[in-house]
Amino acid sequence: MGNNNIPVIAIDGPSASGKGTVARRVSESLGFHYLDSGTLYRLVALVASRTGVDLADEEALANITEHLDVTFEGTEIRLGSEDVTDIVRSETCGNGASRVAAHSQVRKALLGRQRAFRRNPGLVADGRDMCSVVFPDATLKIFLVANTETRAQRRYKQLMGKGVDVKIATILQDIRERDARDSGRSVAPLKQDADSSSIDTTLLNITEVVNQILRQYAEICTKNV
Ligand code: CDP
């Protein structure tokens, strides 16, 4: 592969545990590249829904995955020339992503694309299987957790902030279903990797979580000097 000596901070965790915001801030702080792997699954779900592909049709979904024409420009996500930054964050795409992500052929088709993000000076990657499958040799592995009610509150605030009218009970139900599907699937299920360190973010704010991760990373760098 040739890029195995480039540092990676892998951050996994369930839906709305704060991974995305935390991972992006850590990457900005270190000047590292950032991979939001969930977006790739969300994009596959989006293209499938637009082209009428059934979310159970593994072969057709793998084909969509192989041909995904996506570019990440800062915080902007483009599918071909279309800006899909907002639409991929919708709950519909999130739920679709969690169905699409259960297919091993889809996951396999995304592996090379995800590993290509590992470029100098380093990468922060977030998702469900960054520690276990995509970057098993990551420099630092983090598993973020938070209780279900807190995660539902966070997602609620995030959606209301975007002007999306939702009920907290619906979000709670969605998160429970997504957790069950992500943890229960046979391929790359969401679980804490043996050599990752867990951070419970229930009572922590974003800055506190970011600082904990930066501290852990600095300790590793000091040891390796
Ligand atoms: O923001 P949130 O955590 O709700 O979702 P996300 O990280 O964008 O991921 C959406 C869905 O994609 C998840 O529910 C997972 O099923 C799937 N996913 C995955 O299987 N593996 C990854 N590395 C990232 C996401």
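Residues numbered from 1 in each chain as written. Predicted model: local features only at pLDDT ≥ 70, side-chain atom pairs only at ≥ 80, totals over all residues. Heavy atoms only, no water.

Take the site of the ligand next. If you check the shell around the ligand, you find 20 residues, and the closest are Ser15, Arg42, Arg107, Asp182 and Arg185. Here an oxygen atom of the ligand and a side-chain polar atom of Arg42 are 2.6 Å apart. In this structure, an oxygen atom belonging to the ligand sits 2.7 Å away from a side-chain N or O atom of Asp182. Taken by itself the ligand offers 530 Å² of open surface, and the protein chains cover 97% of this. The cavity that encloses the ligand is the largest pocket. When residues of the shell around the ligand are assigned to their parent elements, the largest contribution, four residues, is made by helix α2 (residues 37-51). (Near = heavy atom within 4 Å. Polar contact = N/O pair within 3.5 Å; in protein donor to acceptor, adjacent residues only side chain to side chain. Areas by Shrake-Rupley, 256 points an atom, 1.4 Å probe, with all protein chains shown as cover. 1 Å grid on protein atoms, 1.4 Å probe; cavity = no way out; pocket = protein on both sides within 12 Å on 5 of 7 lines; lining within 4 Å. Sits in = over half its atoms within 2 Å of the grid points. Helix = DSSP H or I, 4+ residues; strand = E, 2+ residues; numbered from the N terminus.)

Next up on the list: the sheet that holds strand β5 (residues 82-83). Taking strand neighbours across the sheet as the criterion, the three strands line up as β3-β4-β5 in an open arrangement whose pairing is antiparallel. Of all the strands in the sheet, just β3 (70-73) and β5 have a single pairing partner and so form its edges. Sheet topology places β3 next to strand β4 (residues 76-79); four bridges connect them, and they run antiparallel. Across the sheet, the residue bridging to Thr71 is Arg78, located in β4. The sheet strands contacting α2 are β3, β4 and β5, and the helix crosses β4 at an angle near 40°. (Pairing = 2+ DSSP bridges. Contact = heavy atoms within 4.5 Å. Axes fitted to C-alpha atoms, helices over the stretch in contact; angles between N-to-C directions.)

The biggest cluster of nonpolar side chains holds 34 residues, and the ones touching the most others in it are Leu35, Leu43, Leu61 and Phe135. Looking at this core, the elements with two or more residues in it are β1 (8-12), α2, α3 (58-66), β4, α5 (91-100), α6 (104-115), β6 (123-127) and α7 (130-134). The dominant element in this core, judged by the number of residues it contributes, is α2, at eight residues. In this view, Leu43 contacts Leu68, Val70, Ile77, Leu79, Val84 and Val88; residues no more than four positions away in its chain are not counted. (Core = buried A, V, L, I, M, F, W, Y, C linked by side-chain atoms within 4.5 Å. Buried < 20%, exposed > 50% of the residue type's maximum accessible area, 1.4 Å probe, protein only.)

Take helix α1 (residues 19-30) next. Between its first and last C-alpha, α1 extends 16 Å over 12 residues, near the 16 Å set by a 1.5 Å rise per residue. Within α1, the full set of buried residues consists of Lys19, Val22, Ala23, Val26 and Ser27. Taken end-on, α1 shows its buried residues confined to a sector of 130°, consistent with a single buried face. Its buried side turned inward, α1 meets β1, β2 (33-36), β6, β7 (140-145) and α10 (206-224). (Expected span 1.5 Å × (residues − 1). Arc of directions from axis to C-beta.)

What follows deals with α3. The complete set of buried residues in α3 reads Leu61, Ala62, Ile64 and Thr65. End-on, the buried residues of α3 take up no more than an arc of 160°, which puts them together on one face. Among the exposed residues of α3, those oriented more than 90 degrees off its buried face are Glu59 and Glu66. On its buried face, α3 sits against α2, α5 and α6.

By convention here, two paired aromatic rings are described through the distance between centres and the angle between planes. Scanning the entire structure with this criterion turns up two aromatic pairs. Ring centres of Phe32 and Tyr217 lie 5.9 Å apart, and the angle between their planes is 85°; on these two criteria the pair is classed as edge-to-face. With a gap of 185 residues between them, Phe32 in the loop between α1 and β2 and Tyr217 in helix α10 connect regions that are remote in the sequence. Relative accessible area serves as the criterion here: at 13%, Phe32 is assigned to the buried category. In this structure Tyr217 comes out as buried when scored by relative accessible area, which is 9%. When the centroid spacing of 5.7 Å and the interplanar angle of 70° are considered together, the rings of Phe72 and Phe117 count as edge-to-face. Of this pair, Phe72 sits in strand β3 while Phe117 sits in the loop between α6 and β6, and the two are 45 residues apart along the sequence. (Phe/Tyr/Trp six-rings, centres within 6.5 Å; stacked < 30°, edge-to-face > 60°.)

On to unusual backbone geometry, then. In this structure, the amide linkage connecting Asn120 to the following residue, Pro121, adopts the cis form with an omega of 5°. Looking at the secondary structure, you find Pro121 in the loop between α6 and β6.

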